[in-house]
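Chain and residue survey
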Amino acid sequence: MADARESVVTTGADAFAWEPASCLCGLTGPGRPLFAVPHDDAPGGRTFVVQCDCGLRRLDPRPTATTVARYYAEASGYHAYTGRLRSPLKQALWNALRDSEAAPAVRPLWVRLASPLLRPLARWQFDVNVRLNGRGLRVLDVGSGFGDVLMYLQSRGCRTLGIDLSADAAERAREYGIDVRVGTMQSLQLPPGDFDVVIMSHSLEHVPHPADEISAAWRLLAPGGRLLLAVPNGDAVRLRTDGAHWSCLMAPVHFWYFDAASLRSLVERHGFRVDTVRTTTRHYALIEWLKDCRRGYGVAATRSFLRYLAAVPFGPRDGDILRIEATRPS
Ligand SMILES: [Zn+2]
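Residues numbered from 1 in each chain as written. Predicted model: local features only at pLDDT ≥ 70, side-chain atom pairs only at ≥ 80, totals over all residues. Heavy atoms only, no water.

Along the chain, Asp-60 connects to Pro-61 via a cis peptide bond; the corresponding omega equals 0°. Relative to the elements of secondary structure, Pro-61 occurs in the loop between β4 (57–60) and β5 (62–63). Here the phi dihedral of Ala-103 falls at roughly 50°; this positive angle occurs in a residue that is not glycine. Mapped onto the elements, Ala-103 comes out in the loop between α3 (88–102) and α4 (109–125). Under the relative-accessibility criterion, Ala-103 is labelled buried at 15%. (Helix = DSSP H or I, 4+ residues; strand = E, 2+ residues; numbered from the N terminus. Buried < 20%, exposed > 50% of the residue type's maximum accessible area, 1.4 Å probe, protein only.)

This is the structure we're talking about:
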């Protein structure tokens, strides 16, 4: 297995290059393989979720940075580029939920009145919530896709900018009147200290060098500015119970599975003050079980569902998604 993880496939016109991955902490040991993830292009036909002695889990080996782009097109359920699909009624409810937590200067009276009821729903449903408290903020969304959240924030008086590696996403954003640029925080040469909020919602786990991203976010935030992070939770009970079948695993486009300690440590190393750490279970086990039963995978789905229930999934650290909010101190 060690041999397979160290090899790099470069032969054949259609072969994709994969490479070994080291941990962010600087430890170069092979780490502890937790489970194998079959993949046709991986050396030996499988890759591994590996846990470093520091606790951080990673995919090892993984596609090289130039190879991984091909897998985005193949990843099923990747809706970041397709545009808004909600019905007008659903979109209005979505906006109302966002308004309840964001508290923009202008919002319908009924939302104002219902906010105490809507706010907990918003916190449960949305991985990042930008609190405006009546102000228009300067918001950067890294890995914005077509700019779903930015569209909302722009309509509530914010100055927004998105960054994505997908030209398709940027093109779709333009149709919506949202500025999404193709590139990275490093390549786009944005002015330092120009943002009040940097969002990285489900983007940090995709990049080969997360520390560079946190460092870039620090540079772009004004003192007092906030960093809102959401990633799949490496401590999720369903990673333990479902392994390669965990719905948030998304190998091989996810390279990292941070837990609360490793993500907190990463942002604190860059000078951020961590304000909140939460996890949430967004992939509802019961609904997934029913869907899988309808597709004819009843036995496997029931086994997974029972393992999930047995593992008591509602502990504070066990949810599928990990969210951290941090501040660049003034
Ligand atoms: Zn490590």
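On the protein side, the zinc ion has Cys-23 (SG), Cys-25 (SG), Cys-52 (SG) and Cys-54 (SG) as donor atoms, found 2.2 to 2.3 Å from it. Note that the zinc ion binds 4 donor atoms; their angles at the metal cover 106 to 113°, and the shape is tetrahedral. Donor residues for the zinc ion, ordered by position in the chain, follow C-x1-C-x26-C-x1-C. For Cys-23, a relative accessible area of 8% translates into the label buried. (Donors = N, O, S within 2.8 Å, 3.2 Å for Na, K, Ca; no water. Tetrahedral: all angles 85-135°; square planar, octahedral: opposite > 155°, others 65-115°.)

Judged by side-chain polarity, Leu-89, Leu-93 and Trp-110 come together as a nonpolar surface patch covering roughly 360 Å² of accessible area. Examined against the element boundaries, Trp-110 turns out to sit in helix α4. Overall, the relative accessible area of 48% leaves Trp-110 in the partly exposed class. (Patch = residues over 30% accessible without salt bridge, like charges linked within 9 Å, V, L, I, M, F, W, Y side chains within 5 Å. Areas by Shrake-Rupley, 256 points an atom, 1.4 Å probe, with all protein chains shown as cover. Salt bridge = Lys/Arg side-chain N within 4 Å of Asp/Glu carboxyl O.)

Let us now look at helix α6 (residues 167–175). Every buried residue of α6 is accounted for by Ala-169, Ala-170 and Ala-173. Projected down its long axis, α6 carries its buried residues within an arc of 100°, all on one side. Set apart from the buried face of α6 by more than 90 degrees, the exposed residues are Asp-168, Arg-174 and Glu-175. Against β7 (159–164) and β8 (180–182) lie the buried residues of α6. Of the residues one or two after α6, Gly-177 is the one with positive phi, at around 80°. (Arc of directions from axis to C-beta. Contact = heavy atoms within 4.5 Å.)

Right, let's get into the environment of Ser-201. Of note, Ser-201 is situated in strand β9 (residues 195–201). Once the C-alpha coordinates of Ser-201 and Val-231 are considered, the two residues, 30 residues apart in sequence, prove to be 6.7 Å apart. The contacts of Ser-201, once residues within four sequence positions are left out, are Asp-127, Val-128, Val-142 and Ala-230.

With antiparallel pairing, 4 strands are arranged side by side in an open sheet as β2-β3-β4-β11. Only two strands of the sheet have a single partner each, and these edge strands are β2 (32–38) and β11 (256–257). Bridge count between β4 and β11: 2 bridges; the pairing is antiparallel. Considered in β11, the bridge of Arg-58 is made with Trp-256. (Pairing = 2+ DSSP bridges.)

Counting across every chain of the model gives 1 cavity of 30 Å³ or more. Within this model, the largest cavity holds a volume of roughly 40 Å³. Of all the elements in the fold, those that place two or more residues in the lining of the largest cavity are α3 and α5 (148–155). Residues of the lining of the largest cavity, tallied by class, amount to 5 nonpolar, 1 polar and 2 charged. (1 Å grid on protein atoms, 1.4 Å probe; cavity = no way out; pocket = protein on both sides within 12 Å on 5 of 7 lines; lining within 4 Å. Points joined across faces, edges and corners; volume = space filled by probe spheres on them. Nonpolar A, V, L, I, M, F, W, Y, C, P; charged D, E, K, R; others polar.)

The geometry of helix α10 (residues 285–294) relative to helix α11 (residues 298–310) is characterised by a closest axis approach of 8 Å and an angle of 165° between their N-to-C directions. The pairing of α10 with α11 is recorded here as roughly antiparallel in orientation. Of the two possible hands of crossing, α10 and α11 adopt the one that is left-handed. Facing Ala-285, Leu-286, Trp-289, Asp-292 and Cys-293 of α10, the residues of α11 in contact are Gly-298, Ala-301, Thr-302, Phe-305 and Tyr-308. For the contact of α10 with α11, the residue count by class is 7 nonpolar, 2 polar and 1 charged. (Axes fitted to C-alpha atoms, helices over the stretch in contact; angles between N-to-C directions. Parallel < 35°, antiparallel > 145°, perpendicular 65-115°, else oblique. Left-handed = near helix turned anticlockwise from the far one by under 90°.)

It is worth stressing that arrangement in space is one thing and function is another; only the former is reported here.
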